[in-house]
Amino acid sequence: MCVVCAVLMVFGVTELGRVIAFWWRKPDTRRTFALVVAPQGPEDCEAAVRAGAERLRWLDLEGPCRLICLNREEDPEVERICRYLSLQYPGLVVCKREDLVYHIESAEEEGENA
């Protein structure tokens, strides 16, 4: 019984040390951040966008964030799904493969103007 308590205490102290180290060394999150998701098709579009939005929320960024959904095949179904999801996630933008660079650059410009 005492061995179990000792092991749990070691794990607790280790976890506390990890939390303090990550908090102390937290990076500057006031920069512009763009996350690109590239769903394979309409079947996994919603899951990919929601996972990306959750990742942005989990990162707890202070600066302007943009979630970019790359519509590789220019599928109108992906476009409709993303338009619907943009009501829930205002930072969501849908783009074609050739326009991706421009959307990332515009996200950087937003960060400089903020």
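Conventions we followed
- Residues numbered from 1 in each chain as written.
- Predicted model: local features only at pLDDT ≥ 70, side-chain atom pairs only at ≥ 80, totals over all residues.
- Heavy atoms only, no water.
- Helix = DSSP H or I, 4+ residues; strand = E, 2+ residues; numbered from the N terminus.
- Rg over C-alpha atoms; globule rule 2.2 N^0.38 Å.
- Pairing = 2+ DSSP bridges.
- Axes fitted to C-alpha atoms, helices over the stretch in contact; angles between N-to-C directions.
- Core = buried A, V, L, I, M, F, W, Y, C linked by side-chain atoms within 4.5 Å.
- Buried < 20%, exposed > 50% of the residue type's maximum accessible area, 1.4 Å probe, protein only.
- Contact = heavy atoms within 4.5 Å.
- Salt bridge = Lys/Arg side-chain N within 4 Å of Asp/Glu carboxyl O.

### Concerning the overall build of the protein chain
Part 1: Scanning the protein chain for helices and strands turns up four helices and three strands.
Part 2: Starting at the N terminus and ending at the C terminus, the protein chain contains elements arranged as α-β-α-β-α-β-α.
Part 3: Computed over the C-alpha atoms, the radius of gyration of the protein chain is 19 Å, more than 25% above the 13 Å expected from 2.2 N^0.38 for a compact globule of 114 residues.
Part 4: Counting only C-alpha atoms, the protein chain reaches 60 × 35 × 25 Å along its principal axes.

### Things to note about the sheet that holds strand E1 (residues 33-37)
Part 1: Strand order in the open sheet made by the three strands is E1-E2-E3, with parallel pairing throughout. The open sheet terminates on both sides in strands that have one partner only, identified here as E1 and strand E3 (92-96). In this sheet, neighbouring strand axes are inclined to one another by 30° on average, regardless of whether the strands run parallel or antiparallel.
Part 2: Judged from the five bridges that link them, strand E2 (residues 65-71) and E3 form a sheet pairing that is parallel. Bridging from a neighbouring strand, Leu 67 pairs with Leu 92 of E3.

### Comments concerning the nonpolar core
Part 1: Membership of the largest hydrophobic core comes to 13 residues, with the highest contact counts inside it found for Cys 45, Val 49, Leu 67, Cys 69, Cys 82 and Leu 92.
Part 2: Put simply, the parts of the chain that give this core at least two residues each are helix H2 (42-59), E2 and helix H3 (76-85).
Part 3: Leave out the neighbours within four places in its chain, and Cys 69 touches Val 37, Pro 39, Cys 45, Val 49, Val 78, Cys 82, Leu 92, Val 93, Val 94 and Cys 95.

### A few points about the pattern of salt bridges
Part 1: Scanning all chains against the criterion turns up four salt bridges.
Part 2: In this structure, Glu 15 engages Arg 18 in a salt bridge whose closest nitrogen and oxygen atoms are separated by 2.6 Å. One end of the pair, Glu 15, and the other, Arg 18, are both in helix H1 (residues 2-24), three residues apart, so they sit about a helical turn from each other.
Part 3: A salt bridge links Arg 50 to Glu 46; the shortest N-O distance between them is 2.9 Å. Here Glu 46 and Arg 50 lie together in helix H2, a separation of four residues that amounts to about one turn.
Part 4: Note on Arg 50: relative accessible area 28%, which makes it partly exposed.
Part 5: Residue class for Glu 46 comes out partly exposed when judged on its relative accessible area of 38%.

All quantities given are derived from atomic positions and should not be read as evidence of function.
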